Amino acid sequence: MCRSNLRPDKMTLVVILLACSRLGDLSLGTRIHENICDIHDIYSDVFVGNALVDMYMKCGDADSARKLFDKMPVKNVVSWNSMISGLVQQGQFKEALHLELGKWVHAYIDKNQIKADGFVGNALVDMYAKCGSAEQAFGVFQGMECKDVFSYTAMIMGFAMNGEAERALDIFAEMPMVGSKPDEVTFVDVLSACSHAGMVEEGWRHFEDMSKVYNLEPQTEHYGCMVDLLGRAGLISEAEVFIANMPIEPDAFVWGALLGACSIHGKVELGEAIMKKLVAVEPVRDGAYILMSNIYSSAKSLK
DNA sequence: CTAGGGTTAG
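Residues numbered from 1 in each chain as written. Chains lettered and ligands numbered in written order. Predicted model: local features only at pLDDT ≥ 70, side-chain atom pairs only at ≥ 80, totals over all residues. Heavy atoms only, no water.

### Describing the overall build of chain A
Then, number 1: What chain A contains, in helices and strands, is 18 helices and zero strands.
Then, number 2: Its C-alpha atoms give chain A principal-axis dimensions of roughly 75 × 45 × 35 Å.
Then, number 3: Within the span of chain A, comprising 303 residues, buried residues form 46% of the whole.
Then, number 4: Across chain A, every contact between residues at least 6 apart in sequence was considered, and the portion connecting residues at least 24 apart equals 61%.
Then, number 5: Accessible surface for chain A amounts to roughly 16000 Å². Of this, 55% is attributable to carbon and sulfur atoms.
Then, number 6: Distance between charge centroids for chain A: 6 Å, based on 27 positive and 40 negative side chains. (Helix = DSSP H or I, 4+ residues; strand = E, 2+ residues; numbered from the N terminus. Buried < 20%, exposed > 50% of the residue type's maximum accessible area, 1.4 Å probe, protein only. Contact = heavy atoms within 4.5 Å. Areas by Shrake-Rupley, 256 points an atom, 1.4 Å probe, with all protein chains shown as cover. Lys, Arg positive; Asp, Glu negative; His and termini not counted. Charge placed at Lys NZ, Arg CZ, Asp CG, Glu CD.)

### Topic: the protein's contact with DNA strand B
Then, number 1: As a structural note, the neighbourhood of DNA strand B is formed by 32 residues, with N50, N81, D183, E221 and F253 the closest of them.
Then, number 2: Side-chain polar atom of D148 to a base nitrogen of DNA strand B: 3.4 Å apart, as the coordinates give it.
Then, number 3: Between a base nitrogen of DNA strand B and a side-chain N or O atom of T153, the distance comes to 2.9 Å.
Then, number 4: For the surface near DNA strand B, the element with the most residues is helix 14 (residues 220-232), which contributes five residues.
Then, number 5: Split by residue class, the surface near DNA strand B holds 12 nonpolar, 13 polar and seven charged. (Near = heavy atom within 4 Å. Polar contact = N/O pair within 3.5 Å; in protein donor to acceptor, adjacent residues only side chain to side chain. Nonpolar A, V, L, I, M, F, W, Y, C, P; charged D, E, K, R; others polar.)

### What about the packing of aromatic side chains?
What describes a pair of aromatic rings is the distance from one ring centre to the other and the angle between the planes of the rings.
Then, number 1: Counted according to the given criterion, the structure contains 12 aromatic pairs.
Then, number 2: With a centroid separation of 5.6 Å and an interplanar angle of 65°, the aromatic rings of F207 and F242 are classed as edge-to-face. Highlighted residues: F207 in helix 13 (residues 200-212) and F242 in helix 15 (residues 236-244), separated in sequence by 35 residues. The residues F207 and F242 share a single accessibility class, namely buried.
Then, number 3: For the ring pair Y223 and F242, a centre distance of 5.6 Å and an interplane angle of 40° mean the geometry is tilted. With a gap of 19 residues between them, Y223 in helix 14 and F242 in helix 15 connect regions that are remote in the sequence.
Then, number 4: We classify Y223 as buried; its relative accessible area is 9%. (Phe/Tyr/Trp six-rings, centres within 6.5 Å; stacked < 30°, edge-to-face > 60°.)

### Here we look at the UniProt feature "repeat: PPR" (unreviewed entry) in chain A
Then, number 1: Following the UniProt record, the feature "repeat: PPR" (unreviewed entry) maps to residues 45-79 and 148-182 here.
Then, number 2: A distance of 12 Å separates the end C-alpha atoms of residues 45-79, which is 74% helix and 0% strand.
Then, number 3: Secondary structure over residues 148-182 splits into 66% helix and 0% strand, and the C-alpha atoms at its two ends are 9 Å apart. (UniProt positions renumbered as here; feature names shortened; annotations may be inferred.)

### Looking at the pattern of salt bridges
Then, number 1: Counted according to the given criterion, the structure contains seven salt bridges.
Then, number 2: A salt bridge links E164 to R167, with the nearest nitrogen and oxygen atoms 3.1 Å apart.
Then, number 3: A relative accessible area of 22% places E164 in the partly exposed class.
Then, number 4: Residue R167 is classed as partly exposed on the basis of its relative accessible area of 26%.
Then, number 5: Its salt-bridge partner being R232, residue D228 comes within 3.0 Å of it at the nearest N-O pair. (Salt bridge = Lys/Arg side-chain N within 4 Å of Asp/Glu carboxyl O.)

### Quick look at the layout of surface pockets
Then, number 1: In this structure, the largest pocket encloses a volume near 590 Å³.
Then, number 2: Lining the largest pocket are 25 residues, with G224, A252, F253, G256 and A257 positioned closest to its centre.
Then, number 3: Those elements that place two or more of their residues in the lining of the largest pocket are helix 12 (184-196), helix 14, helix 16 (252-265) and helix 18 (287-302).
Then, number 4: Per-element accounting of the lining of the largest pocket gives the leading share, seven residues, to helix 16.
Then, number 5: Tallied by class, the residues present in the lining of the largest pocket amount to 11 nonpolar, eight polar and six charged.
Then, number 6: Considered as a void within the structure, the second largest pocket measures approximately 460 Å³ in volume. (1 Å grid on protein atoms, 1.4 Å probe; cavity = no way out; pocket = protein on both sides within 12 Å on 5 of 7 lines; lining within 4 Å. Points joined across faces, edges and corners; volume = space filled by probe spheres on them.)

### Here we look at a nonpolar patch on the surface
Then, number 1: Nonpolar side chains collect at one region of the surface, where V77, V78 and F119 lie side by side and expose about 320 Å² of accessible area between them.
Then, number 2: Residue position: V78 is located in helix 6 (residues 77-91). (Patch = residues over 30% accessible without salt bridge, like charges linked within 9 Å, V, L, I, M, F, W, Y side chains within 5 Å.)

### Considerations on the state of the cysteines
Then, number 1: Going through the model one piece at a time under the given rule, you end up with zero disulfides.
Then, number 2: Here C194 stays free of any disulfide, with the sulfur of C225 as its closest cysteine sulfur at 9.6 Å.
Then, number 3: You can call C194 buried: its relative accessible area is 0%. (Disulfide = S-S within 2.5 Å.)

### Considerations on unusual backbone geometry
Glycine aside, negative phi is the norm for most residues, and most peptide bonds take the trans geometry.
Then, number 1: Phi is positive for N215, close to 60°, though the residue is something other than glycine.
Then, number 2: Secondary-structure assignment places N215 in the loop between helix 13 and helix 14.
Then, number 3: By relative accessible area, which is 72% here, N215 ends up exposed.

What follows is the structure, encoded as structure tokens:
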């Protein structure tokens, strides 16, 4: 690829690097990186740089992404967003480390007076929310001039995950006032806020509003949230009726939510029946067995 | 060249 008269053009490189990102092929991505290091006009191109950052992030190598990011002579808003949303994705596995990196990114943005709006602002809110700091997410959120459905959804999730359902619902209620329409993903977080706070009535109302007020067809994820909401609150037979009346096929999350409720409330026999349905829908994952072992052990301790 | 989601281990 790197022979003097056979140089790759920029867009070819970008496309190949994005393929590496999607496949998670770090070794191929790294090899391409090494091969273009000494081709300066290509290596310093912001599109190629962004694709390299994205590739390292998606392949789970945040350190290399950051080293490269530091060396990029020109950065644009896409570079920042790849960096931040990459950190968020990594956060699932190495939360502490990347919260630190995330703070570094935030400090850099402040110092260089980059506007934390749009993609960058949303990515920051999302990052803080996922790293468990709803307050820092809220700080960025409040400072944003243009909030869209992504900003609101990320903030609602931040409060919901932090056990602050009231604040999540307050933020949600603000959306129409700024002309922002909630979508299916927003409702997943709204319903999940209600379910973790035991707000059954509130959850029902939002679930019904989805189709009545917002013209959104509830998906299996929303049914799963409702089963979780009812089940956690101990309304197990209501949850069973709810599943029986679903207009679409329940998936593993729906059965998993009901099985989770059996585990919380010590329902052994029902749990065994649900377990069969869950394994039928999703035989490969181990979640069902974990929940079932919880049911047996909690039933033992109830005796 | 870029975005967000539901169950889950004594």
